[in-house]
Amino acid sequence: MTAPKFLSVDIESVEPEPGAPALDRLISGDPKFRTWNVEERDGGLYAGIWEATPGKWRIEYDEWEFCHILSGVSVISEDAGEARTVRAGDSFVLRPGFKGSWEVLETTRKEYVIKL
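Residues numbered from 1 in each chain as written. Predicted model: local features only at pLDDT ≥ 70, side-chain atom pairs only at ≥ 80, totals over all residues. Heavy atoms only, no water.

**Student:** Just checking my understanding: could you explain the overall build of the protein chain for this structure?
**Tutor:** Within the protein chain, the regular secondary structure consists of 0 helices and 9 strands. When its helices and strands are written in sequence order, the protein chain yields β-β-β-β-β-β-β-β-β. For 116 residues, the compact-globule estimate of 2.2 N^0.38 gives 13 Å, and the protein chain sits close to it at 14 Å. Over its C-alpha atoms, taken along the principal directions, the protein chain stretches across nearly 50 × 30 × 25 Å. (Helix = DSSP H or I, 4+ residues; strand = E, 2+ residues; numbered from the N terminus. Rg over C-alpha atoms; globule rule 2.2 N^0.38 Å.)

Printed below as a string of structure tokens:
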């Protein structure tokens, strides 16, 4: 049977994957992640929901990622660039080569689509 062509982003039917920043990237706090990956396709395409508790860590993107913040408040700072505060309702793209930090001020949940 072929997979349906319409897929709801329903985290109730997916077990979250726990995670945390690598220790060598941790700047402050003790952030914990939960990821509900609801779609994974050949060619490196992923979609789902990600959540992080307060803390700050270094980020480096080799992938392209679309994000839509569902709840919480975070500050994303680009090296030698601007710090941007994102909150519920904000959408943005992080492109390959982005380097900086992600600081969660209030537990943040986002929808994501990643293309490797």
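**Student:** Got a minute to help me understand the nonpolar core in this structure?
**Tutor:** Proteins that are soluble and globular tend to have nonpolar side chains buried together. By size, the foremost hydrophobic cluster in this structure holds 17 residues, and its most contacted members are Trp50, Trp57, Ile59, Ile76, Phe92 and Trp102. Among the elements of the structure, β4 (45–52), β5 (55–60), β6 (64–78), β8 (91–94) and β9 (99–115) are those that each provide at least two residues to this core. Ignoring sequence-local partners within four residues, the contact set of Trp57 consists of Pro21, Arg25, Leu26, Ile27, Pro31, Phe33, Trp50, Ala52, Gly100, Ser101, Trp102 and Val104. (Core = buried A, V, L, I, M, F, W, Y, C linked by side-chain atoms within 4.5 Å. Buried < 20%, exposed > 50% of the residue type's maximum accessible area, 1.4 Å probe, protein only. Contact = heavy atoms within 4.5 Å.)

**Student:** Would you take a moment to explain a nonpolar patch on the surface for this structure?
**Tutor:** A contiguous nonpolar surface patch, about 350 Å² in accessible area, is contributed by Leu45, Trp64, Phe66, Val93 and Val113. Along the chain, Phe66 turns up in strand β6. (Patch = residues over 30% accessible without salt bridge, like charges linked within 9 Å, V, L, I, M, F, W, Y side chains within 5 Å. Areas by Shrake-Rupley, 256 points an atom, 1.4 Å probe, with all protein chains shown as cover. Salt bridge = Lys/Arg side-chain N within 4 Å of Asp/Glu carboxyl O.)

**Student:** What am I meant to see in the layout of surface pockets here?
**Tutor:** One way to see where empty space is left: roll a probe the size of a water molecule over the atoms. Its volume calculated, the largest pocket comes out at about 460 Å³. For the largest pocket, the lining is made up of 23 residues, of which Phe33, Trp50, Tyr61, Glu63 and Glu65 are closest to its centre. At the level of secondary structure, the elements contributing two or more residues to the lining of the largest pocket comprise β1 (17–19), β3 (33–41), β4, β5 and β9. (1 Å grid on protein atoms, 1.4 Å probe; cavity = no way out; pocket = protein on both sides within 12 Å on 5 of 7 lines; lining within 4 Å. Points joined across faces, edges and corners; volume = space filled by probe spheres on them.)

**Student:** Sorry, what's going on with the environment of Val73 here?
**Tutor:** Inspection of the secondary structure assignment puts Val73 in strand β6. It is 6.9 Å that separates the C-alpha atoms of Val73 and Thr107, two residues lying 34 residues apart in sequence. The contacts of Val73, once residues within four sequence positions are left out, are Thr85, Val86, Arg87, Glu103, Val104, Leu105, Glu106, Thr107 and Thr108.

**Student:** Is there a simple way to explain the side chain of Glu63 in this structure?
**Tutor:** Within the element layout of this structure, Glu63 appears in the loop between β5 and β6. Look at Glu63: it is buried, it has no salt bridge, and the nearest opposite charge is Lys110 at 7.9 Å. Setting aside anything within four residues of it in sequence, one finds Glu63 in contact with Leu94, Arg95, Pro96, Ile114, Lys115 and Leu116. (Lys, Arg positive; Asp, Glu negative; His and termini not counted.)

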